[in-house]
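Understanding the architecture of this molecule
Residues per chain are reported as follows:
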Amino acid sequence: MLFISPTESHRGTPGHPSPLPTMADSMDIDDSLYSRQRYVLGDSAMQKMARSAVFLSGIGALGVEIAKNIVLAGVKAVTLHDCKQCEVWDLGTNFFIREEDVHSQKKRVEAVHSRVAELNPYVQVSVSTDVLDENTDLSFLKRYQCVVLTETKLSLQKRIDHFCHSQQPPIKFIGCDVFGICSRVFCDFGEAFEVSDPTGEEPKELFIQNISQENPGVVTCMDSRTHGLQTGQSVCFKEINGMSELNGTTHQVTVLSPYSFAIGDTSSFQPYAHAGIFRLVKMPKTFTFETMEQQLSDPRLLTPDFSKPEAPLQLHTIMLALDAFLEQQCFKPLTSSRSPCFEWVLSYSCINQELVRSVSRCARGCLSPLAAVVGGIASQEVLKALTGKFSPLQQWFYLDAIEVIQPLQSLPAEEFAPRGDRYDALRACIGESLCLKLHTFQVFMVGCGAIGCEMLKNMALMGVGLSRCSGELDFLSLDAFFSRLNLVVTALDNVEARRYVDSRSVSNQKALLDSGTMGTKGHTEIIVPYLTESYNSHRDPPEEEIPFCTLKSFPAVIEHTIQWARDKFESAFSHKPSIYNMFWQTHSSAQEVLRVRIILHSMEGSFQVIKLLSRRPTQWEHCLALARLKFDKYFKRKALQLLHSFPLDTRLKDGSLFWQSPKRPPSPIEFELSDPLHFSFVVSSARLFAGIYNIPHSEEQLSYEAVSSVLAEVEVPEYKPAEKVSTDETVKKPDQLQMTVSSEEERQAISQLQKAISSSSVTPGRLRMTPTFFEKDDDSNGHMDFVASASALRAHMYAIEAADRLQTKRIAGKIIPAIATSTAAVAGLVSLELIKVAGGYGFELFKNCFFNLAIPVMVLTETAQVKRTQIRDDISFSIWDRWTIFGHEDFTLSDFMNAVKVLIIPKYGLKQLFVL
């Protein structure tokens, strides 16, 4: 068993898609659909996509993957071109083709059209079944910004690429294919393709420790933080005291060490005093491309697997030979080891016979997981072509799955012969026996998000876990809804998939396939007991925590203010209401609490609860007043108190200024209801208070006029300085310490409780609150309104550049950026490893992978072999070895020793065992 971690159909002609409302019409981005992708591409790139049209030819295994990815991404229009009819073969490679499509002899493009369109209502999806050959007038392609060809003869690819390259501006061209276990992607974006953001990495702001006054001036990072810069890059400066000439200027850097860099002559500037921030300035980069005709003889190749660096060039030669075979013979090669294709390719090139034999034998087939990987890569290149975001592929990428078929070379040709069912394409690559192993395989998959759904699709296409073969495919979903499963409904026809919504033992699993993505980055890792390292053999570094004192009093960057706002939300609207409810669940009445507290002369454990009870609002106007007082507390009184305790001229014992980088002195904010930020904070806070106190309100009460009239009656107490605040950054949060309460506060609390009881206002309803749990994706609940406004106000108070709502949402909600391209690629890579696990392959054939489609780079590596500790020549153990002994109530030491002997002696071939 394996453990694995509505729209309207419309039709058009090439270049003339039917008009439908698109995202580009208003340039408003639907955050409910694109929220995770916006963090990958940015709004500017998203808007460029929404104005772009793509022509995609070939709706086979690879073409449908690309169609799916770019439609999900949100281009303006896609024309799907294909002339072939649906065949039984397509059921195992094209997840949008169904059995009824085959029986009715539909054209492939007509069968998938409406199903592709359903993926995104903002994308115009049209179809074309016109013949595309050497005689076709290519002028219709001028209406597109990008042309993608799959399942197209090489001669036609060269002709179309030459046409696209010669246009002004050039039409971006991508050609890609999957032949069995081999695949390729080719890109030509014209002679001068400008990229605005080559890496997609968000520039970090770093604090400056010192800038020397010399030629060249040397900048040193604060606290020995690594700057991550490269010589030739540029940085901009701000907030420097002393050497103020640098503020607002950009300088090219020369890296001197991980912590310092030179920026040119600073000898004539004022001496550096303190503070200052620098930030990497992203510079556009221009890439040059040659035509396919030029690149055939002298290709620029990306190498994904450095254990076989010769593979890309060898595959380039072999696949060109396959192209030539197709041009001459007009059919894909048969699965014989000595087929005409094999002889043709062998005579065409000087490549070793074993590689030629493997490639030519499988060329007729198709590995759907490999198509998923290449589909993800090619789709990302489409998005680069349309947006100028990220570095494009230059210019060839070859990826093979040779390890999948290496153990199968000795099998007879009958193993790979077609049987007229949906698995013929897979069978042509891995044989009937391994297909049957996949059908009987048992898989348990955790998670049914984006990667999980892609995995389900891949496994369904391969027939993993067929119920009729006693196979099993179980998955654990933590989601309440299955909206993302629409993609795989078609493909799951023959697979018994069962959903688990609670925990399930996985202790007896055979292997673990782990995968994940973050934006354009992805990784896969295979864990096989007794062969590879375990999942815990290496761990991610712990997240850097923000000191409490920094959050409380000395924020320096926008992340600090956002986290502060998030903490305020949790404390006021979730934690305190929860504590309040727990208290009254364990105390029978307010009278009993008062009696006990008077007897014990202590408010321990009840002070905060009594405060909440005595100050509990009873109507909407009270909630608004409470919100107004919170504004004054957070954004005025806090600043006044800090400046009272530490005036601007305060100095430390060593004579240095207290208020210097990274500490920023606060500035009090006077409340102005006419300020949208002030209004948003007060209204969102009042709504949240009303929610936890179960107080109804109407939309009319949220208007500016209604709020203004209520706040005009609110009396804000005059500020009085308190004692000096602590600056110790080791101070823990208040809930981590036993809070002390003064005698005066105890007397006030008891008095407040007595007053509440005497007024008969302590009803059962007032002993209940409704905790609110942060939900970032519902804009109607006011949660993000509170966090965004509170964070922005605190940033303004400390002269920190505020973040927009989208960035605030990402940080506060700890959102992991995601895009369909990397999701498809990582799921395909995992599915290839699944085949090896099902086949019981040896350790040396498994591959882990890391990729970043933005750069682009893909690195395939061998799995890390488990480390074994040698006791003697024939005895060793590893982290996988376990001795499990089951005892009972009367289990004695002698029983334990005997059990150990029974376990260990036969396992390690010992004659006897001495237990001390």
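If you're wondering where the values come from, they're calculated on a predicted model, not measured in any experiment. Position numbers for residues start from 1 in each chain and track the written sequence from start to end. Local features in this predicted model are restricted to residues of pLDDT 70 or higher, and side-chain atom pairs are both shown and tallied only at a pLDDT of 80 or more, whereas totals for entire chains, interfaces and linings draw on every residue. Side-chain measures were taken over the full set of non-hydrogen atoms in the model, leaving aside hydrogen atoms and water.

We now examine the overall build of the protein chain. Strands are runs of DSSP state E lasting at least 2 residues, helices are runs of H or I lasting at least 4, and numbering of each runs from the N terminus. Each helix and strand in the protein chain was counted, giving 27 helices and 27 strands. Only protein chains enter the calculation, and the probe is 1.4 Å; a residue is then buried if its accessible area is under 20% of its type maximum, exposed if over 50%, and partly exposed in between. In the protein chain, which comprises 916 residues, the proportion classed as buried is 53%.

As a further point, take the pairing of strand E15 (residues 277-281). Residues in a regular strand point their side chains to alternate faces of the sheet. Here, any two strands with at least 2 DSSP bridges between them count as paired. Across 3 bridges, strand E9 (residues 205-211) lies against E15 in antiparallel orientation. What sits directly across from Leu206, in E15, is Phe278. With 5 bridges joining them, strand E11 (residues 234-238) and E15 adopt antiparallel strand pairing. Counted as the bridge partner of Val235 is Leu280 from E15.

Below, the discussion takes up the sheet that holds strand E14 (residues 260-262). Within the open sheet, the 7 strands sit side by side as E12-E11-E15-E9-E10-E14-E13. Their pairing is antiparallel. Two strands close off the open sheet at either side, each with one partner strand: strand E12 (250-252) and strand E13 (254-257). In this sheet, neighbouring strand axes are inclined to one another by 40° on average, regardless of whether the strands run parallel or antiparallel. Bridge count between E9 and strand E10 (residues 218-221): 3 bridges; the pairing is antiparallel. Among the inter-strand pairings, Ile211 is bridged to a residue of E10, identified as Val219. Here an angle of 0 to 180 degrees is reported between the N-to-C directions of two axes, which are lines fitted to C-alpha atoms, with helices fitted over the stretch in contact.

Next up on the list: the nonpolar core. Here, nonpolar core means buried Ala, Val, Leu, Ile, Met, Phe, Trp, Tyr and Cys residues that are tied together by side-chain atoms lying within 4.5 Å of each other. Ranked by internal contacts, the top residues of the largest apolar core, which has 151 residues, are Leu80, Leu141, Ile160, Leu367 and Ile430. The next biggest cluster of nonpolar side chains, apart from the first, holds 67 residues, and it includes Cys549, Phe635, Leu642 and Tyr693.

With respect to topology, 8 strands assemble into an open sheet ordered E4-E3-E2-E5-E6-E7-E18-E17, the strand pairing being mixed. The strands lining the two open edges of the sheet, one partner per strand, are strand E4 (124-128) and strand E17 (301-302). Across 4 bridges, strand E2 (residues 53-57) lies against strand E5 (residues 146-149) in parallel orientation. Note on E5: the bridge partner recorded for Phe55 is Val147. Sheet strands touched by helix H6 (residues 108-117): strand E3 (77-81) and E4. Its angle to E4, the strand with the most contacts, is close to 175°. In what follows, residue pairs with any heavy atoms lying within 4.5 Å of each other are defined as contacts.

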